[in-house]
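What follows is the residue order along each chain.
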Amino acid sequence: MAEPGSGASAPERVVVGFVRALRDAGLRVPVGATLGFGEALAVLDPSQRTDVYWAGRTTLVRRPEDVAEYDRVFARYFDRIERLVPVTTEQHTLRLALDAEDDRDDGPDPDPDGDDGADDTPTLSVRWSPVEVLRTRDFATYSPEEHAEARRLMADLHLAGARRRSRRPRPAPRGRPDVRRTVRRSLRSGGEPVERLHVGPSERPRRIVLLCDVSGSMEPYARALVRFLHAAVVGRNRVEAFALGTRLTRITRELSSRDPDVAVAAAAQRVADWSGGTRIGEGLREFNDRWGVRGMARGAVVVILSDGWDRGEPALLAEQMARLHRIAYRVVWVNPLKATPEYAPLARGMAAALPFVDEFVEGHSIAALEDLVAVIARDGDGRRTGRQTGGRTGARAGVPPREDGRERTGEGAR
Amino acid sequence: MAEVAAALADHDYVADVGLATAIFLALRLQRPLLLEGEAGVGKTEVAKVLARWTGGELVRLQCYEGIDVAQAVYEWDYSRQLLHLRAAEASGGPVDEDALYSERFLVRRPLLRAVAGTGTAPPVLLVDEVDRADDEFEAFLLEILSDYAVTVPELGTFRAEVPPVVVLTSNRTRDVHDALKRRCLYHWIEHPDFERELAILRARVPHVPEALAREVAGAVEALRALDLYKPPGVAETIDWAEALAVLDRTSLDADTADATLGTVLKYREDQERVRAAGLAGVVEAARARG
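Just so it is clear, the structure is predicted and the values come from calculations on it, not from any experiment. (Residues numbered from 1 in each chain as written. Chains lettered and ligands numbered in written order. Predicted model: local features only at pLDDT ≥ 70, side-chain atom pairs only at ≥ 80, totals over all residues.)

A.B. asks: Tell me about the overall build of chain B, and name the residues and values.
C.D. replies: Counting secondary structure elements, chain B contains 15 helices and nine strands. Counting all 290 residues of chain B, 41% fall into the buried class. The contacts in chain B between residues at least 6 apart in sequence include a share of 79% that link residues at least 24 apart. (Helix = DSSP H or I, 4+ residues; strand = E, 2+ residues; numbered from the N terminus. Buried ≥ 20, exposed ≤ 12 C-beta atoms within 10 Å, placed from the backbone. Contact = placed C-beta atoms within 7 Å.)

As structure tokens, then:
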């Protein structure tokens, strides 16, 4: 394989140079993988293009998503079609809507159907107890300083999924005999199994999947909610986070940094369509196809944080919600607009999705998120019956959402 | 490398150049191979074929949530230990703890079997659906895969003389930990293209007439181009060809395709979608390839 750059053909330089090119293009290539690539080339024929290609693919690429980028860099690097230029990654930063009243209307959402954003109760009162006031204040009315304060409060939210039976047994006063521990214990008494020990079933928390709408209409809330996602991802290891815009982006990895600013910035950069439109149905479809149905959403608590303004087809959204509802343990929809007294789920997307939502809750303030944490942790005991009747048929007509956010609304929207 | 592909083909596995290279490297560099891909593209099959080819014992560890050391590595045979204790007691002899924890009371689970293999060829260890196991187990697996040794506190360390050939598969229900990925070579298995799928059919179901096999491969190719929840995998293609052969069909027509659609498409929505789009189109595409 000819080496770009200097004339001397030193395979190590090709290896290192190519890896650098991959890193410049945004792939994560650990040092160990570089060594692996070198080893692989040593046992293959480095003068064959396919050998070099596959040596790199098996050692340097770890995720199918990276294959396309690998192919591009490979072609660029070894064909010298063009000079190697680092791919410029556009910096996206989260914008904060400072005066929320205006922002609500000039968002890029083209279908202002009914559901206007009259949620911003302009609380301009003097705050003597910042924490208390902040807990119940609508995120949309936050100042940057308040966002910073809210961050501390968010870090205190401990998200835990509802519990389920685990296959791993644990010691229990009664249950199946625990021969292993009985034998061990019997050695103390000279081989006589005096004490009979038992094991019983144990429980562990379910996986939680968070899908956060980051479209234009959600902008006043997105910043706070992404912080919430960060707190959730960092707090536990069985949480997955996605951003939902015109397309779906998995941001679990980006959010797993301990430093909230770093994490949120990384997530913001990863998501290419902040404050664009929303296609919740398509996003959900992608989630179901690529992650959910394969297992991520199976038996999990799935939380969708969105105002339900969807530019796509309501039928598609309903179909995908039905799929999700069939595999998830519980589907929770968090709508920041729901806090408004006169709110009714009139947005077409929201209406289409509601029949498949087990819990419909608010998410406009820290206090509301605290409630959400409680909802997520609760075992959905009434769930099984509801699933058969309410879910797919959507027959339970017109239950208006109550303030407590606990009932499972079922509007016949399909 | 061509050798690898040829050897796999001898054992009825048709690999493309990428997979053949990955397997070759895994064998030569003695590194574990992590395979990902859609369900039904033949990930598990790779390990089985490797075992048939190398003559090593196939040791399969099916992962699931909550799998632990007792099920994956070793366990003591407690009931036999108890019996032994009773016998020792009856004969009035002293209870010897060392005798109680000797190899004859050791139940060897897959990972220990793979490391302490006794055969002439190194065993092939298949760690299936590693994404289903929990993180703690993954960390444990990592430890074993880095030095191919298992320590049983009562007995000492078992170390593989020749490292086993290790194949891990994952369905990507969650990301496998980076540390584990770093240990492994990685290959994403794609759905095969028409020619390779046809070769697979010839190898796996040789009794299916050539013309029918071509049509089935063509029809599956057309189905995969549709927007389905679950595009058919190779396993489904083989099932379909076999079903048609059992029905004594020599070519594919719309009615038969309709009647046997359940062997390829396992979602009601997918079947409806294909029927709505028209099975005639699929059959036509198949005929074009036939």
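A.B. asks: Residue-level account of the overall build of chain A, with values.
C.D. replies: If you tally the helices and strands in chain A, you get 16 helices and nine strands. Within chain A, counting contacts between residues at least 6 apart in sequence, those at least 24 apart form 73% of the total.

A.B. asks: Requested: an account of the interface of chain A and chain B, with residues and values cited.
C.D. replies: Facing the 34 residues of chain A at the interface are 35 residues of chain B. Of all the secondary-structure elements, those providing two or more residues to the side of chain A that touches chain B are α2 (31–43), α3 (49–60), β1 (163–172), α8 (179–188) and α12 (280–296) of chain A. Residue contributions to the side of chain A that touches chain B peak at seven residues, all from α3(A). Grouping the constituent residues of the side of chain A that touches chain B by class yields 15 nonpolar, ten polar and nine charged. (Nonpolar A, V, L, I, M, F, W, Y, C, P; charged D, E, K, R; others polar.)

A.B. asks: Break down the nonpolar core for me, with residues and values.
C.D. replies: Counting residues in hydrophobic clusters, the biggest one holds 103 residues, and the most contacted among them are Leu33(B), Val167(B), Leu201(B), Val216(B) and Ala241(B). The residues touching Ala241(B), leaving out its near neighbours within four places in the chain, are Leu201(B), Val205(B), Val208(B), Leu212(B), Ala213(B) and Val216(B). Membership of the second largest hydrophobic core comes to 77 residues, among which are Leu211(A), Leu225(A), Val301(A) and Leu354(A). (Core = buried A, V, L, I, M, F, W, Y, C linked by C-beta atoms within 7 Å.)

A.B. asks: Explain the sheet that holds strand β2 (residues 176–177) of chain A to me, using residue names and the numbers behind them.
C.D. replies: Residues and elements named next belong to chain A. Spatial ordering of the open sheet is given by β1-β3-β2, a layout of three strands whose pairing is antiparallel. For this open sheet the edge positions go to β1 and β2, each flanked by a neighbour on one side alone. For β2 and strand β3 (residues 198–205), the ladder comprises two bridges, and the chain directions are antiparallel. Along β3, the bridge assignment pairs Pro177 with His198. (Pairing = 2+ DSSP bridges.)

A.B. asks: Which residues make up the environment of Pro336(A), and what are the values?
C.D. replies: Residue and element names in this part refer to chain A. Among the structural elements, Pro336 can be located in the loop between β8 (330–334) and α14 (348–353). Of the residues examined, Pro336 has 27 C-beta atoms within 10 Å and is grouped as buried. Residues Pro336 and Asp138 lie 198 residues apart in sequence; the distance between their C-alpha atoms is 8.5 Å.

A.B. asks: I'd like to hear about the sheet that holds strand β6 (residues 248–250) of chain A, residue by residue, with values.
C.D. replies: All names here are of chain A. With mixed pairing, six strands are arranged side by side in an open sheet as β6-β5-β4-β7-β8-β9. At either margin of the open sheet sits one strand with a lone partner, and together these are β6 and β9 (359–361). On average, each strand axis in the sheet is tilted by 20° relative to the strand beside it, whichever way the strands run. Its contacts with the sheet put α12 on β4 (208–213), β5 (239–244) and β6, and the angle it makes with β5 is roughly 160°. Lying on the sheet, helix α15 (residues 366–377) is in contact with β4, β7 (301–305), β8 and β9; it crosses β9 at an angle near 170°. (Axes fitted to C-alpha atoms, helices over the stretch in contact; angles between N-to-C directions.)

A.B. asks: Can you tell me about the packing of helix α10 (residues 194–204) of chain B against helix α12 (residues 234–246) of chain B, naming the residues and giving the values?
C.D. replies: All names here are of chain B. Contact pair α10 / α12: the axes reach a minimum separation of 10 Å and the direction vectors enclose 55°. In terms of orientation, α10 lies oblique with respect to α12. Crossing handedness for the pair α10 and α12: right-handed. Judged by residue contacts, Glu197, Ile200, Leu201 and Arg204 of α10 engage Val234, Thr237, Ile238 and Ala241 from α12. Residues that form the contact of α10 with α12 fall into these classes: five nonpolar, one polar and two charged. (Parallel < 35°, antiparallel > 145°, perpendicular 65-115°, else oblique. Left-handed = near helix turned anticlockwise from the far one by under 90°.)

A.B. asks: Which residues make up the pairing of β3(A), and what values go with them?
C.D. replies: As paired strands, β1(A) and β3(A) are joined by seven bridges and run antiparallel to one another. By the bridge assignment, Pro171(A) is partnered in β3(A) with Val199(A).

A.B. asks: Report on α3(A), specifying residues and quantitative values.
C.D. replies: Residue and element names in this part refer to chain A. End to end, α3 covers 16 Å across twelve residues, agreeing with the expected 16 Å (1.5 Å per residue, within 8%). Most of α3 is tucked away, with nine of its twelve residues classed as buried. If you check which residues of α3 are buried, you get Asp51, Val52, Trp54, Ala55, Gly56, Arg57, Thr58, Thr59 and Leu60. (Expected span 1.5 Å × (residues − 1).)

A.B. asks: Account for the environment of His187(B), with residues named and values stated.
C.D. replies: By secondary structure assignment, the location of His187(B) is in strand β9 (residues 185–189). For His187(B), a count of 25 C-beta atoms within 10 Å puts it in the buried group.

A.B. asks: Talk me through the packing of α3(A) against helix α2 (residues 17–29) of chain B; I want residue IDs and the actual numbers.
C.D. replies: Running from amino to carboxyl end, α3(A) crosses α2(B) at an angle of 65°, the nearest separation of the two axes being 9 Å. The pairing of α3(A) with α2(B) is recorded here as roughly perpendicular in orientation. Pair α3(A) / α2(B) crosses with right-handed handedness. Contacts from Thr50(A), Asp51(A), Trp54(A), Ala55(A), Arg57(A) and Thr58(A) of α3(A) reach α2(B) at Val17(B), Gly18(B), Thr21(B), Ala22(B) and Leu25(B). Residues of the contact of α3(A) with α2(B), tallied by class, amount to five nonpolar, four polar and two charged.

A.B. asks: Describe unusual backbone geometry, with residues and values.
C.D. replies: All names here are of chain B. Not every positive phi belongs to a glycine, and Glu129 is a case in point at roughly 55°. Relative to the helices and strands, Glu129 is located in the loop between β5 (124–128) and α8 (135–147). Owing to 18 C-beta atoms within 10 Å, Glu129 belongs among the partly exposed residues under this scheme. For Asp248, which is not a glycine, the phi torsion comes out positive at approximately 60°. Topologically, Asp248 is positioned in the loop between α12 and α13 (254–259). According to the C-beta neighbour criterion, Asp248 is exposed, with 6 such atoms within 10 Å.

A.B. asks: So what about the environment of Gly216(A)? Which residues, and what values?
C.D. replies: All names here are of chain A. Following the sequence through the fold, Gly216 ends up in the loop between β4 and α9 (219–235). Classification of Gly216 by C-beta neighbours within 10 Å gives buried; the count is 20. Measuring from C-alpha to C-alpha, the distance between Gly216 and Gly245 comes to 8.8 Å, with 29 residues separating the pair along the chain.

A.B. asks: Tell me about the confidence of the model for chain A, residues and numbers included.
C.D. replies: Residues and elements named next belong to chain A. This prediction gives chain A a mean pLDDT of 72; 74% of its residues lie at or above 70. Per-element confidence in chain A ranges from a low mean pLDDT of 36 for helix α16 (residues 383–391) to a high of 92 for β7. Within the model, the stretch residues 1–9 combines pLDDT values under 50 with twelve contacts to residues more than four positions away or in other chains. Here residues 382–414 is a poorly scored stretch, pLDDT under 50, and it has 57 contacts once near neighbours within four places are set aside; other chains count. (pLDDT = per-residue confidence, 0-100.)

A.B. asks: Give me the lowdown on the confidence of the model for chain B, citing residues and values where you can.
C.D. replies: Keep in mind that low pLDDT regions are not for reading the predicted coordinates in detail. Residue and element names in this part refer to chain B. For chain B, mean pLDDT is 89; residues scoring 70 or higher make up 100% of the total. Of all the helices and strands in chain B, helix α6 (residues 97–100) carries the lowest mean pLDDT, 78, while β5 carries the highest, 95. The ipTM value of the predicted complex is 0.71, and its pTM value is 0.70.

A.B. asks: Can you break down the pairing of β5(A) residue by residue, with the values?
C.D. replies: Residues and elements named next belong to chain A. With six of six residues buried, β5 is to be regarded as a mostly interior element. Burial of β5 is two-sided: the residues Val239, Ala241 and Ala243 facing one way and the residues Glu240, Phe242 and Leu244 facing the other way are all buried. Bridge count between β4 and β5: six bridges; the pairing is parallel. For Asp213, the partnering residue across the bridge sits in β5 and is Leu244. Relative to β6, β5 runs antiparallel, the two being bridged by three bridges. Looking across to β6, one finds that Phe242 is bridged to Arg250. Between β5 and β6, which pair antiparallel one after the other, the connecting turn spans three residues.

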